[in-house]
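Coordinate analysis (summary)
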Amino acid sequence: MEMNILYAAITIIAGFTLAVIAYLVIGWLTKRAEQTETRLDDIILAAVSKPIVVIIIALSIYSAIILFDVLPSSLGWFETDKVVSAFFIIINAWVASIFSYNVFHIYGGMLAQKTDTDLNKRLFPMLEVIVKYVIWFIAIMLVLTEFQVDITPLLAGAGIAGIALALAAQDIIGNFFGGAIIAIDKPFKMGDRIKIDSFIGDVVQVGPRSTRIKTSESMIITIPNKKVAESIVINYAMPDLKLKVSIPFSVAYGSGMKNVRKILLEIALEAAEKTPWVIDDPAPSVYFLEFGESSLNGQLLLWISDYNKTWEVKDWVIGRIEERFAEEGIEIPYRQIDVRLRDRKNIASS
């Protein structure tokens, strides 16, 4: 018996030695793999490195116990094929979970960078966790089946729990899939100025649950992704940064439409020459749109190179309109109400 214990100890020591050698070899292979262009070899080595070491140690211990009969009778169950099968199921699940995590983490990030989206920040981390849990759930079910444990109640309970969880978290799930639709459809990207319902701002974050925009008043508005996916989204940054700016105006009757149009177009062309924001292609235009109560009303339309400069352009152009109209004697009317009073005595005598 003592010799058997000695041989078992030598077998275990040999197993540990072989495990150390395998660990060093895999480390050397990992460094060589880092020098290659493909990432698949890195993923495979990362997935099998630790499990191989564990398998070598476990096999050496198992061989020592089986070959030299040093296991107490009370632990005889350890020698069954079920334990061996369960062990390899767990090892395979370990390898599969590491492999799937690295595939989604590495190739998912590469795909997101190529497609210019935020998939690596939203979808792939979620998929990494989901796939890992699914793999381990299947592994646990297989282990229980190996030991002839009835898993039907567990599956039924998991199904009921899943339905209850889905009902309780339907908003969260809806927002998550809304984020997935945003990532795939790409109606906007980080930094774009968008309008959703009555909210206008620059996109600062698109998360798995919500999208955040920063308004011109430096306020952060958080909008659920489900609402974003269902709403009409206006993107001021697509297809480019150009934006048409409309500047309304009013002139008194008798000002001369031709002269007013000429002055406004001159102001627009002057803005294109003297400011870095206004452009002359497309050309500016002037439209008279309605006869007001005391004025002719219209709009000056011009194009700017950056939608962020709307206020600066309006301020400059409106200032020049006021100056030029004053120089040309063109009146900017204001609303007037004529009130006539009649003498009561005259009314009575009549």
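Before any of the text, the structure's been laid out above.
Anyway, here's the lowdown on the structure attached to this text. (Residues numbered from 1 in each chain as written. Predicted model: local features only at pLDDT ≥ 70, side-chain atom pairs only at ≥ 80, totals over all residues. Heavy atoms only, no water.)

Before going further, it helps to spend a moment on the pairing of strand β2 (residues 199-206). Summarising the sheet, strand β1 (residues 193-196) and β2 pair through four bridges and their orientation is antiparallel. Bridging across to β2, I194 finds its partner in G201. Linking two consecutive strands that pair antiparallel, namely β1 and β2, is a turn of two residues; a positive phi of about 55° is found at D197 within it. Two elements, β2 and strand β3 (residues 210-214), share four bridges in a ladder whose sense is antiparallel. The residue bridging D202 from the neighbouring strand is K214, located in β3. Between the antiparallel neighbours β2 and β3 lie three residues. (Pairing = 2+ DSSP bridges. Helix = DSSP H or I, 4+ residues; strand = E, 2+ residues; numbered from the N terminus.)

Next up on the list: helix α8 (residues 257-274). Over its 18 residues, α8 extends 26 Å from the first C-alpha to the last, a length consistent with the 26 Å expected when each residue adds 1.5 Å. Residues V260, I263, L264, I267, A268, E270 and A271 constitute the buried set of α8. For α8, the arc enclosing every buried residue in end-on projection is 160°, short of the 170-degree limit, so these residues lie on one face. The outward face of α8, more than 90 degrees from its buried face, is lined by the exposed residues K258 and E273. Where α8 is buried, its residues contact β6 (243-251), β7 (278-279), β8 (285-291), β9 (296-304) and α9 (310-328). (Expected span 1.5 Å × (residues − 1). Buried < 20%, exposed > 50% of the residue type's maximum accessible area, 1.4 Å probe, protein only. Arc of directions from axis to C-beta. Contact = heavy atoms within 4.5 Å.)

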